[in-house]
Amino acid sequence: MLLLSEFPLHPDFQVDLEGPVFVAAGDRVSYQDGGVVVTRSTGEQYKHPIRDSYWICR
């Protein structure tokens, strides 16, 4: 299992989650409709609210 508290959508954009999320092997993580969605290998989906999202200037 992996504890996820932030989600790098792409190299220049970061999403911080409202609370940490446990992600198991085989799970897929995506950003949909303003939230992070974890899709289990069974097809079940869980949406997690975000606290903040922002562009990273490099």
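The rules we used
Residues numbered from 1 in each chain as written. Predicted model: local features only at pLDDT ≥ 70, side-chain atom pairs only at ≥ 80, totals over all residues. Heavy atoms only, no water. Helix = DSSP H or I, 4+ residues; strand = E, 2+ residues; numbered from the N terminus. Rg over C-alpha atoms; globule rule 2.2 N^0.38 Å. Buried < 20%, exposed > 50% of the residue type's maximum accessible area, 1.4 Å probe, protein only. Lys, Arg positive; Asp, Glu negative; His and termini not counted. Charge placed at Lys NZ, Arg CZ, Asp CG, Glu CD. Core = buried A, V, L, I, M, F, W, Y, C linked by side-chain atoms within 4.5 Å. Contact = heavy atoms within 4.5 Å.

S.K.: Any chance you could explain the overall build of the protein here in plain terms?
M.R.: Secondary structure summary: the protein contains 0 helices and 5 strands in total. Moving toward the C terminus, one meets the helices and strands of the protein in the order β-β-β-β-β. Here the protein has a C-alpha radius of gyration of 11 Å; the compact-globule value for 58 residues is 10 Å, and the two agree. For the protein, the C-alpha atoms occupy an extent of roughly 35 × 20 × 15 Å along the three principal directions. Burial statistics for the protein: of 58 residues in total, 26% are counted as buried. The positive charge centre, built from 5 side chains, and the negative charge centre, built from 8, are 3 Å apart in the protein.

S.K.: How should the nonpolar core be read in this particular structure?
M.R.: Buried together is how nonpolar side chains tend to be arranged in soluble globular proteins. With 9 residues, the main nonpolar core is built from Leu4, Phe7, Phe13, Val15, Leu17, Val21, Val23, Val36 and Val38. At 5 residues, the largest contribution of residues to this core is made by strand β2 (residues 13-23). Setting aside residues up to four positions removed in sequence, Val38 forms contacts with Val21, Asp27, Arg28, Val29, Glu44, Gln45, Tyr46 and His48.

Keep in mind these values describe shape, not function.
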